[in-house]
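Coordinate analysis (summary)
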Amino acid sequence: MTANANDDYWTTYDKALDAAAECRSVESLIDTLNRYYPPSSGVAFFPNGADRDLLGTLTDAGHFDTVWVQADYHFALRDGRGDGFTYIEGDIVRGTSRL
C-alpha cells in the first residue's frame, strides 16, 4: 500500500465515522456506512481497527443506547425508536441477538 493509498484509507475511515456520528437511526446508519464501504456478510460494513471506532463514536454521539457489549468488535446498539443492530467483526446485521 502506498502512502497515498494509506492516506485515502484513513480519510475514508474518518469521514465514515464523522457521518455515522450524525445518524439517529439504524436505517440511516446502514445507508451512511454503505456510502463508504460495500457490505460484506451483513447489511453494512465498517472495518474498525483504530483507536477511534464505531462503538465509541456512536455512544459518544448519544443517538444510540447500548444493548450489550462483548468487545469493541462484537456489540449491539438500539436507536431511539427501538430498532437495533449487532456489529460482528465489521459486519452490521439488523437486530440485537447474540450470534
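These numbers were taken from a predicted model, which means no experiment stands behind them. (Residues numbered from 1 in each chain as written. Predicted model: local features only at pLDDT ≥ 70, side-chain atom pairs only at ≥ 80, totals over all residues. Heavy atoms only, no water.)

Some thoughts on the packing of aromatic side chains
Which entries qualify depends on this criterion: Working definition: a ring pair exists when centres of Phe, Tyr or Trp rings (six-membered ring for Trp) sit within 6.5 Å. Plane angles under 30 degrees give stacked, over 60 give edge-to-face, the rest tilted.
Scanning all chains against the criterion turns up nine aromatic pairs. Taken together, Y9, W10, Y13, Y37, F45 and F46 form an aromatic cluster joined through their ring pairs.

Some points on the pattern of salt bridges
Applied cut-off: The term salt bridge refers to a pairing of a side-chain nitrogen on Lys or Arg with a carboxyl oxygen on Asp or Glu at a separation within 4 Å. Under the scheme used here, helices are H or I runs from DSSP no shorter than 4 residues and strands are E runs no shorter than 2 residues, and both carry numbers assigned from the N terminus. Think of it in three bands: residues with accessible area under 20% of the maximum for their type are buried, residues over 50% are exposed, and the middle band is partly exposed, with areas taken using a 1.4 Å probe on protein chains only.
Tallied over the entire structure, the rule returns three salt bridges. Here R52 makes a salt bridge to D18, at a shortest N to O gap of 2.6 Å. Of the two residues, R52 sits in the loop between β1 (44–45) and α3 (54–61) while D18 sits in helix α1 (residues 3–21), which places them 34 residues apart along the sequence. Using a relative accessible area of 42% as the deciding quantity, one classes D18 as partly exposed. With its nearest N and O atoms 2.9 Å apart, the salt bridge here joins R94 to E27. Residue R94 is found in strand β5 (residues 91–94), and its partner E27 is found in helix α2 (residues 26–36); the two are separated by 67 residues along the sequence.

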